[in-house]
Amino acid sequence: MQFKRLLDTLARSSAQAVTTLGAGQKEQDELKDYLYVETRIEKDFRDLLNSNLSSESVIFLCGSSGDGKSEILKRYYETYSDRIRFHLDATHAFKPDQDAIEALDQLFDEHRESDKPLVIGINVGMLFNFASQGHPRHENIRSAIESYLQSGDEISVSYKFLNFEQYPKFSIEDGKTGSSFISELFSRVVASTESNPLHLAYLDAVRTNPSTLTLNYELLKHEQVRDRIVHLLLSARLKFDQFLSARALLDFVHHLICGPSLLFNNLFVAGHNDLSDVISHFDPCTIRSRSIDQFLIQHPLGIREEAFDEFQNSVQEALGIVDIESAGWLRFFYLFQDIAIGNNFHQRFKKDFEQPLYDRYIEIWRLHKSYDGSAEERQKLRSFYKDELVYALVRFGNRLDPSLTAKQHLFLCSRNGVFISAVADIKPDLKRIENEEMANIHEFPVCLKVGDEPLQTFNVNLSFLELVSKINDGYRPNKHDKNTIVILEEIVDDVIKLVIRSNKLMLSDGRQHVYLTNEIEDSEIVVGGVE
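Here's what I pulled together on the structure shown here. Just so it is clear, the model here is predicted, and its values are computed rather than measured.

Quick notes on the rules
Residue positions are given per chain, counting from 1 as you read along its sequence in written order. Where local features are concerned, this predicted model is filtered to residues with pLDDT of at least 70; where side-chain atom pairs are given and counted, the filter is 80 or more; whole-chain, interface and lining totals use all residues. As a convention, hydrogens and water are excluded, and side-chain values are obtained from all of the structure's heavy atoms. To define axes, lines are fitted to C-alpha atoms, for helices over the stretch in contact only, and angles between the resulting N-to-C directions are given on a 0 to 180 degree scale. Secondary structure counts use DSSP, requiring at least four H or I residues in a row for a helix and at least two E residues in a row for a strand, with both numbered from the N terminus. Should an angle fall under 35 degrees it is taken as roughly parallel, and over 145 as roughly antiparallel, whereas 65 to 115 is taken as roughly perpendicular and any remaining angle as oblique. Residue contacts are defined here by distance: any two heavy atoms, one from each residue, within 4.5 Å place the two residues in contact. Ten residues, namely Ala, Val, Leu, Ile, Met, Phe, Trp, Tyr, Cys and Pro, are considered nonpolar, four, namely Asp, Glu, Lys and Arg, are considered charged, and the remaining ones, Gly among them, are considered polar. Think of a salt bridge as a Lys or Arg side-chain nitrogen and an Asp or Glu carboxyl oxygen that are within 4 Å of each other. The buried label goes to any residue with under 20% of its type's maximum accessible area, the exposed label to any with over 50%, and the partly exposed label to all in between, with areas taken from a 1.4 Å probe on protein chains only. The pairing criterion for strands is at least two bridges between them, as found by DSSP. Stacked, tilted and edge-to-face are the three classes applied to pairs of Phe, Tyr and Trp rings, where Trp contributes its six-membered ring and a pair requires centres within 6.5 Å; stacked means planes under 30 degrees apart, edge-to-face means over 60, and tilted covers the rest. Here a polar contact means two N or O atoms within 3.5 Å. Within protein one must be a hydrogen donor candidate and the other an acceptor candidate, and residues neighboring in sequence count only if both atoms are side-chain atoms. Each patch is assembled from residues with relative accessible area greater than 30% and no salt bridge, linking like charges that lie within 9 Å and nonpolar side chains (Val, Leu, Ile, Met, Phe, Trp, Tyr) that lie within 5 Å. Per-residue and other accessible areas were derived by the Shrake-Rupley procedure at a 1.4 Å probe size, with only the shown protein chains allowed to occlude residues. For a helix, the expected span equals 1.5 Å multiplied by the residue count minus one. We define the bend at any residue as the angle between the axes fitted to the seven residues before and including it, ending there, and the seven starting there. Positive charge is attributed to Lys and Arg, negative charge to Asp and Glu, and no charge count is given to His or to the chain ends. To locate a charge, the coordinates of NZ of Lys, CZ of Arg, CG of Asp or CD of Glu are taken.

**So, the packing of helix H16 (residues 306-319) against helix H17 (residues 326-335)**
So, point 1. In contact at an axis separation of 13 Å, H16 and H17 are set at 70 degrees when each is read in the N-to-C sense. It follows from the interaxial angle that H16 and H17 lie roughly perpendicular. On the side of H16, the interface is formed by Phe 308, Phe 311, Gln 312, Val 315 and Leu 319, while H17 contributes Trp 329, Phe 332 and Phe 333.
So, point 2. Residues that form the contact of H16 with H17 fall into these classes: seven nonpolar, one polar and no charged.

In structure tokens:
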């Protein structure tokens, strides 16, 4: 099969994008089998199939469209279908005039009369729909689904749920944050082995018809390039909560190789692929620094450094890349920054490409994930809470009277031009942090207390941490930050509800401060502390 035709199998638009129980073309099925990467959810699913399932058992393999439910179900269908019934897609009806809810009602009716356990591949959205719209005769199933969706609890041993959302693509591996699934998938695409149909087709294409496709495939063979792409996908996950399904990743690989330009341009140019549309927000051409701006301006004008000309020749000799525009060169510099080429002119820009906010987020996420109460980790967490998070909360709460922040007070209200505040003794609740469960990398739980009173745990994502950093640098949030401001305001309100119980308040008119102390034992309020 031609290289291009085999690559097209990876595209979302391909007829082979969705797995069914029917047989596809031999070469395409071989490629799909070769590219398949076993995940932890599949291992847990297999263990569940091998457990002591009763005939009343129903296993819901749930998630979102394209995450690989059908692929897993098909792989186990032949082995287990003699004793387990499989329903690959809960959106499919059994009759033309039947909707998906009616089809599920029929499926559960048939299961009730069957002597086999039932396995269903179902989207979370369809779970919601059936919980609310399924027939009352299946109230036990609807209740089990509703309980799982609300709290994650399985209220019956007969109904088991395996959800792809509970198996995050990114995790800490060997002290580094990455994705073994995505990295292995990318590695399989370009592996130089006889068992890789794409590699064999590529070798044939190089001999008979070398093209941009073969060049892009060669560029993707560099492990450092693939690692950089995985890092970008992580950034997209953190910044935009981007969903990464197996089907979307394969379509993304197809776009990188078969897109309209060279791989490093395909990666960042929007309008051709869903993931590239998101990654385009991280285009290095949008980074503002003196060296980047200077390169982007001088290159089109023909103002060239001798070192760059030498580097360009090295790139042509090593990779066969010629005639790139300035934006393309900058994207190349970014993607190949960890690979030595010629005089390494491209590594001059390495510092400009750094993402300190993302690195800081990962560091704080790791501290929460692995916190074990050790003195070193306790000190690092205290520093983050005190110097960054709590400081930003207090500054935001005192935006009407910034002078209160230096006094470690929190603004409560104002009456007739007088500001009323109290000491804000906000600190981390480290014991709760130690007991918190963390499933996904796109957020971590924050546990605070005011004095000895705990605040409700809330989750912090990258956007929230970014706003915290901006506030500490003097930024005043506005309507463009409305989603994050809502969270800030809720936290400050919760703090105020506890701070307002203080026995000591401060009144300020901008010129002087007066303290009111409630002496409970003496049943009197003492006025003093005038400054």
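**Describing the pattern of salt bridges**
So, point 1. One pass over the structure, following the stated rule, counts 23 salt bridges.
So, point 2. Two residues, Glu 466 and Lys 239, come together in a salt bridge whose shortest N-O distance is 2.7 Å. One end of the pair, Glu 466, is in helix H22 (residues 462-472); the other, Lys 239, is in helix H11 (residues 223-240), with 227 residues separating them in the sequence.
So, point 3. The shortest N-O distance in the salt bridge between Asp 338 and Lys 350 comes to 3.2 Å. Here the residue Asp 338 occupies a position in the loop between H17 and helix H18 (356-370), and Lys 350 occupies one in the loop between H17 and H18, the gap between them amounting to twelve residues.
So, point 4. Assessed through its relative accessible area of 33%, Asp 338 is described here as partly exposed.
So, point 5. Judged by relative accessible area, which is 33%, Lys 350 ranks as partly exposed.
So, point 6. A network of salt bridges, in which partner residues are shared, links Arg 228, Asp 338 and Lys 350.

**Notes on the sheet that holds strand E4 (residues 159-163)**
Strands in a sheet are paired, the pairing made by backbone hydrogen bonds, and the direction either parallel or antiparallel.
So, point 1. Pairing is parallel in the open sheet, where four strands are placed in the order E2-E3-E1-E4. Each having just a single partner strand, strand E2 (85-87) and E4 make up the two edges of the open sheet. On average, adjacent strands in this sheet sit at an angle of 20 degrees to one another, irrespective of strand direction.
So, point 2. Here six bridges tie strand E1 (residues 58-63) to strand E3 (residues 118-123), and the two strands are oriented parallel to one another. When the bridges of E3 are listed, Gly 63 appears paired with Asn 123.
So, point 3. Sitting on the sheet, helix H5 (residues 100-112) touches E1, E2 and E3, and the angle it makes with E3 is about 165 degrees.
So, point 4. Contacting E1, E3 and E4, helix H6 (residues 124-133) runs over the sheet at an angle of about 105 degrees to E3.

**A short note on the packing of aromatic side chains**
So, point 1. Tallied over the full model, the rule gives 36 aromatic pairs.
So, point 2. On the numbers, 5.8 Å between centres and 75 degrees between planes, the contact of Phe 268 with Tyr 334 is edge-to-face. Here Phe 268 is found in helix H13 (residues 263-268), whereas its partner Tyr 334 is found in helix H17, with 66 residues between them in sequence.
So, point 3. Classification of Tyr 334 by relative accessible area gives buried; the value is 4%.

**Focus: the side chain of Asp 67**
So, point 1. Mapped onto the secondary structure, Asp 67 falls in the loop between E1 and helix H4 (69-80).
So, point 2. For Asp 67, a relative accessible area of 6% corresponds to the buried category.
So, point 3. Side-chain polar atoms of Asp 67 contact the side chain of Lys 69, separated by 3.2 Å.

**Looking at a nonpolar patch on the surface**
So, point 1. Together, Ile 297, Leu 301 and Ile 303 give the surface a local cluster of nonpolar side chains, amounting to about 320 Å² of exposed area.
So, point 2. Mapping Leu 301 onto the fold places it in the loop between helix H15 (290-298) and H16.
So, point 3. Residue class for Leu 301 comes out exposed when judged on its relative accessible area of 61%.

**Looking at the environment of Ser 64**
So, point 1. If you trace the backbone, Ser 64 turns up in the loop between E1 and H4.
So, point 2. For Ser 64, a relative accessible area of 26% puts it in the partly exposed group.
So, point 3. Apart from the residues within four sequence positions on either side, Ser 64 is in contact with Lys 69, Asn 123 and Phe 243.

**Looking at helix H19 (residues 375-397)**
So, point 1. If you check H19, its first and last C-alpha atoms are 31 Å apart, about what 23 residues at 1.5 Å a residue would give, namely 33 Å.
So, point 2. Along H19, the sharpest kink reaches roughly 35 degrees, centred on Tyr 385.
So, point 3. Turning to H19, its buried residues number three or more, namely Glu 377, Leu 381, Phe 384, Tyr 385, Leu 389, Val 390, Ala 392, Leu 393, Val 394, Phe 396 and Gly 397.

**As for a negative patch on the surface**
So, point 1. Negative charge collects at one region of the surface, where Glu 489, Glu 490, Asp 493 and Asp 494 lie side by side.
So, point 2. Relative to the helices and strands, Glu 489 is located in helix H23 (residues 482-499).

**Overview of the sheet that holds strand E9 (residues 426-428)**
So, point 1. Judged by pairing direction, the sheet is antiparallel, and its three strands sit side by side in the order E9-E11-E12 without closing on themselves. Where the open sheet ends on each side, the last strands, each with one partner, are E9 and strand E12 (453-454).
So, point 2. Where strand E11 (residues 448-450) meets E12, two bridges bridge the pair, whose relative direction is antiparallel. Opposite Lys 449, over in E12, you have Pro 454 as the bridge partner.

**Some thoughts on the packing of H22 against H23**
So, point 1. For the pair H22 and H23, interaxial distance at closest approach is 10 Å and the crossing angle is 70 degrees. The angle between H22 and H23 places the two elements in the roughly perpendicular class. Counting all contacts with H22, which are made through Ser 463, Phe 464, Leu 467 and Ile 471, the residues of H23 involved are Thr 484, Ile 485, Ile 487, Leu 488 and Ile 491.
So, point 2. Of the residues that constitute the contact of H22 with H23, the class distribution is seven nonpolar, two polar and no charged.

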